[in-house]
Amino acid sequence: MILDPELEIEAEIVDDPEADDYGFEKEIELPDGMDIGYIPKLEPLWHIVAAITDVLLYSYIKAYEIFLVKGGRGGGKSESVAQILINIARVEKTRILCTREVQSSMKDSVKTMIEEWIETMGLQDEFIIRRDTIINKYTGTDFVFMGMKGGMQNNTIKSLKGFKYVWYEEAHSATIESLEKLDPTIRIDGRVLIFTYNSETEHDAIEQYFDGKNKVYRIHINYYENPFCPQVLVDL
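**Section: the overall build of the protein chain**
Alright, step 1. The helix and strand tally for the protein chain stands at eight helices and eight strands.
Alright, step 2. Out of the 236 residues belonging to the protein chain, those deemed buried represent 53%.
Alright, step 3. Considering only contacts in the protein chain between residues 6 or more positions apart, those separated by 24 or more positions represent 71%.
Alright, step 4. Surface exposure of the protein chain reaches about 11,900 Å², of which carbon and sulfur atoms provide 45%.

Below, the structure is given as structure tokens:
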């Protein structure tokens, strides 16, 4: 693991008798600038970042590797995941896949959202932004953007064995075939797969595939649980 020597992350563990066995109810403190737009309901995802350099916290969260983040518009789930992955790229040498079922071009990907958050967080000097990838200058961590359907058709999916983190956006559109290909391909120890979606039925593939599986953590967030939800959505 390669860390930026000037960047330190500390997780403050606060004893809580009501906390679950893996510490997801425990409080963490992140350095200024790393938690812009922090949403308390999504704190389990922020634990992933803090645990990279905190052995104690890592021991709490390693029981989970699949995070299903479900909710409608205004919940802030995608914006939060973008921030979290940016912070991971700053402190760990790894590879990050950002995918969805169909991606016809970069315009369909979350690349623009990640670029916007890099600017909002004032981190432009830390990242190299290219047409089809984003690379952290200090750690070498790169973001790769691809569609699952296209990846299966041209066998690109087979080259994903070096990836540790995956963000599957709009996962309500995922197919069983895509999930069956992706899940066993990402096998690095400590892997984290985050699925963001707005499922309307329990019969969606994302719900069926992970039903009853181990190491799955579910979060259901609504717009009223996001303190940064635009007022225009609140008034709808």
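**Structural notes on the confidence of the model for the protein chain**
Alright, step 1. For the protein chain, mean pLDDT is 81; residues scoring 70 or higher make up 76% of the total.
Alright, step 2. When pLDDT is averaged over each helix and strand of the protein chain, the minimum, 66, is found for helix H5 (residues 148-153) and the maximum, 97, for strand S3 (residues 127-129).
Alright, step 3. In this model residues 1-23 is a low-confidence stretch, pLDDT under 50, and it forms 54 contacts with partners more than four residues away in sequence or in other chains.

**Let's talk about the nonpolar core**
Alright, step 1. Counting 38 residues, the largest nonpolar core has Leu 45, Leu 85, Ile 88, Cys 98, Ile 114, Phe 143 and Trp 167 as its most contacted members.
Alright, step 2. Among the elements that make up this core, the one with the highest residue count is helix H3 (residues 77-91) (eight residues).
Alright, step 3. Dropping the residues within four chain positions of it, Leu 45 is found in contact with Phe 67, Val 69, Val 81, Ile 84, Ile 194 and Ile 219.
Alright, step 4. Ranked by size, the runner-up nonpolar core spans 23 residues in total, among them Ile 66, Ala 174, Leu 193 and Phe 210.

**Structural notes on the pattern of salt bridges**
Alright, step 1. In total, this model carries 12 salt bridges according to the counting rule given.
Alright, step 2. The salt bridge involving Arg 90 is made with Glu 126; its shortest N-O contact spans 2.9 Å. Of this pair, Arg 90 sits in helix H3 while Glu 126 sits in the loop between helix H4 (111-120) and S3, and the two are 36 residues apart along the sequence.
Alright, step 3. Assessed through its relative accessible area of 10%, Arg 90 is described here as buried.
Alright, step 4. Look at the salt bridges and you will find they share partners, linking Glu 65, Asp 183, Arg 187 and Arg 191 into a network.

**Describing the environment of Tyr 224**
Alright, step 1. Among the structural elements, Tyr 224 can be located in the loop between strand S8 (216-220) and helix H8 (231-234).
Alright, step 2. For Tyr 224, a relative accessible area of 58% corresponds to the exposed category.
Alright, step 3. Separated by 150 residues in the primary sequence, Tyr 224 and Gly 74 have C-alpha atoms spaced 8.0 Å apart.
Alright, step 4. Among the polar contacts listed, one links the side chain of Tyr 224 to the side chain of Asn 222, at a separation of 3.0 Å.

**Concerning the packing of aromatic side chains**
Within a pair of aromatic rings, the relevant descriptors are the distance that separates the centres and the angle that separates the planes.
Alright, step 1. Across all of its chains, the model carries seven aromatic pairs by this definition.
Alright, step 2. Summarising the aromatic geometry, the rings of Tyr 38 and Trp 46 are spaced 6.2 Å apart at their centres and angled 55° between planes, so their arrangement reads as tilted.
Alright, step 3. Under the relative-accessibility criterion, Tyr 38 is labelled partly exposed at 23%.
Alright, step 4. When its relative accessible area of 0% is taken as the criterion, Trp 46 is described as buried.

**Some points on H4**
Alright, step 1. Buried residues of H4: Lys 111, Met 113, Ile 114, Trp 117 and Ile 118, and no others. Buried residues in H4, looked at end-on, bunch into an arc of 160°, giving them a common side.
Alright, step 2. Of the surrounding secondary structure, the elements contacted by the buried residues of H4 are H3, strand S2 (95-100), S3, strand S4 (133-136), strand S5 (142-147) and strand S6 (165-168).
Alright, step 3. Directly beyond the C-terminal end of H4, a positive phi value near 70° is found at Gly 122.

**Structural notes on the pairing of S6**
Alright, step 1. Residues Tyr 165 and Trp 167 of S6 are buried on one face, and the alternating residues Val 166 and Tyr 168, pointing to the opposite face, are buried as well.
Alright, step 2. The pairing of S2 with S6 spans four bridges and is classified as parallel. When the bridges of S6 are listed, Cys 98 appears paired with Trp 167.
Alright, step 3. Where S6 and strand S7 (residues 192-197) come together, four bridges link them in parallel fashion. When the sheet's bridge partners are listed, Val 166 is paired in S7 with Leu 193.

**Some thoughts on the packing of H3 against H4**
Alright, step 1. One way to put it is that H3 packs onto H4 with a least axis distance of 9 Å and a crossing angle of 65°. Considering their axes alone, H3 and H4 lie roughly perpendicular with respect to each other. In terms of crossing hand, the pair formed by H3 and H4 is right-handed. Each of Ser 78, Glu 79, Ala 82, Gln 83 and Ile 86 in H3 lies in contact with H4, whose residues at this interface are Met 113, Ile 114, Trp 117 and Ile 118.
Alright, step 2. Broken down by class, the residue content of the contact of H3 with H4 amounts to six nonpolar, two polar and one charged.

Conventions and cut-offs
- Residues numbered from 1 in each chain as written.
- Predicted model: local features only at pLDDT ≥ 70, side-chain atom pairs only at ≥ 80, totals over all residues.
- Heavy atoms only, no water.
- Helix = DSSP H or I, 4+ residues; strand = E, 2+ residues; numbered from the N terminus.
- Buried < 20%, exposed > 50% of the residue type's maximum accessible area, 1.4 Å probe, protein only.
- Contact = heavy atoms within 4.5 Å.
- Areas by Shrake-Rupley, 256 points an atom, 1.4 Å probe, with all protein chains shown as cover.
- pLDDT = per-residue confidence, 0-100.
- Core = buried A, V, L, I, M, F, W, Y, C linked by side-chain atoms within 4.5 Å.
- Salt bridge = Lys/Arg side-chain N within 4 Å of Asp/Glu carboxyl O.
- Polar contact = N/O pair within 3.5 Å; in protein donor to acceptor, adjacent residues only side chain to side chain.
- Phe/Tyr/Trp six-rings, centres within 6.5 Å; stacked < 30°, edge-to-face > 60°.
- Arc of directions from axis to C-beta.
- Pairing = 2+ DSSP bridges.
- Axes fitted to C-alpha atoms, helices over the stretch in contact; angles between N-to-C directions.
- Parallel < 35°, antiparallel > 145°, perpendicular 65-115°, else oblique.
- Left-handed = near helix turned anticlockwise from the far one by under 90°.
- Nonpolar A, V, L, I, M, F, W, Y, C, P; charged D, E, K, R; others polar.

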